[in-house]
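# Summary of structural features
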Amino acid sequence: QVQLVESGGGLVQAGGSLRLSCAASGLTFNRYTMGWCRQVPGKEREFVAAITWNGGATYYADSLKGRFTISRDNAKNTVYLQMNSLKPEDTAEYYCAAAQTLYIVTITQHYDYWGQGTQVTVSS
């Protein structure tokens, strides 16, 4: 019933930008903290960014701060991830996630729902 559907991934050269979108349904969107995480095959899923229910607070992985921006539009039940100055090491499957809490969530295991993922590939 709960669906998180990512879009916007693709192939981009180093230094370029992408904007990922995640459309949510089956949940009361403005009661959830939303986040983005990413995963490379063979490695643990890692936290990227999170945003609280009304966009009042955001948090980023230290290595990504200044390059990535998370935002949300509650009228559209959508969360976004703007990715700038992309590097080859950003190549990963990017997942949208939802947590039933008022607070920032940085631990991947604490998210309640996940999207199917969208691939981002950055060429050197």
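The present account deals with the structure reproduced in this document. Computed from a predicted model, the values in this text were never measured in an experiment.

### Structural notes on the overall build of the protein chain
Scanning the protein chain from terminus to terminus reveals 0 helices and 11 strands. Start at the N end of the protein chain and walk to the C end: the helices and strands fall as β-β-β-β-β-β-β-β-β-β-β. Taking the principal axes of the C-alpha coordinates as reference, the protein chain spans close to 40 × 25 × 25 Å. Buried positions account for 44% of the 124 residues belonging to the protein chain. Partitioning the contacts of the protein chain with sequence separation of at least 6, the portion at a separation of at least 24 is 60%. Of the roughly 6,500 Å² of accessible surface on the protein chain, a fraction of 46% belongs to carbon and sulfur atoms.

### So, the pairing of strand E4 (residues 33-39)
Taken across its 7 residues, E4 has 6 buried, putting it largely inside the fold. Relative to strand E9 (residues 92-99), E4 runs antiparallel, the two being bridged by 7 bridges. Opposite glycine 35, over in E9, you have alanine 97 as the bridge partner. Turn length for the E4-strand E5 (residues 46-51) hairpin, with the two strands adjacent in sequence and antiparallel, is 6 residues, and the turn residue glycine 42 shows positive phi of about 85°.

### Looking at the state of the cysteines
Disulfides are covalent bonds that link the sulfur atoms of two cysteine residues. Under the criterion given, the structure shown has 1 disulfide. Between cysteine 22 and cysteine 96 runs a disulfide, and the two sulfur atoms are separated by 2.1 Å. Across the disulfide from cysteine 22 to cysteine 96, rotation about the S-S bond amounts to roughly -80°, and the bridge is consequently left-handed. Of this pair, cysteine 22 sits in strand E3 (residues 18-25) while cysteine 96 sits in strand E9; the two residues are 74 residues apart in sequence, bridging distant segments of the chain. Accessibility assignment for this pair places cysteine 22 and cysteine 96 in one class, buried.

### Some points on the packing of aromatic side chains
Using the criterion set out here, one finds 4 aromatic pairs in the structure. Seen in terms of ring centroids, tyrosine 95 and tryptophan 114 are 6.5 Å apart; in terms of plane orientation they differ by 80°. Their pairing is edge-to-face. In this pair, tyrosine 95 is assigned in strand E9 and tryptophan 114 in strand E10 (residues 113-114), connecting sequence segments 19 residues apart. On the basis of relative accessibility, which here comes to 14%, the residue tyrosine 95 falls in the buried class. Judged by centre distance (5.8 Å) and plane angle (65°), the rings of tyrosine 111 and tryptophan 114 are edge-to-face.

### Brief notes about the nonpolar core
Core analysis: the biggest nonpolar cluster contains 36 residues, and Met34, Trp36, Val79, Leu81, Met83 and Tyr94 have the highest contact counts within it. Residue assignment for this core shows that the elements contributing at least two residues are E3, E4, E5, strand E7 (68-73), strand E8 (78-83), E9 and strand E11 (118-123). The greatest single-element share of this core, amounting to 6 residues, is contributed by E9. Beyond its immediate sequence surroundings of up to four residues, tyrosine 94 is in contact with Glu6, Leu20, Trp36, Cys37, Arg38, Val48, Phe68, Leu81, Met83, Gly117, Thr118 and Val120.

Cut-offs used in this document
- Residues numbered from 1 in each chain as written.
- Predicted model: local features only at pLDDT ≥ 70, side-chain atom pairs only at ≥ 80, totals over all residues.
- Heavy atoms only, no water.
- Helix = DSSP H or I, 4+ residues; strand = E, 2+ residues; numbered from the N terminus.
- Buried < 20%, exposed > 50% of the residue type's maximum accessible area, 1.4 Å probe, protein only.
- Contact = heavy atoms within 4.5 Å.
- Areas by Shrake-Rupley, 256 points an atom, 1.4 Å probe, with all protein chains shown as cover.
- Pairing = 2+ DSSP bridges.
- Disulfide = S-S within 2.5 Å.
- Phe/Tyr/Trp six-rings, centres within 6.5 Å; stacked < 30°, edge-to-face > 60°.
- Core = buried A, V, L, I, M, F, W, Y, C linked by side-chain atoms within 4.5 Å.

Note that every value here comes from positions in space, so none of it alone points to a role or purpose.
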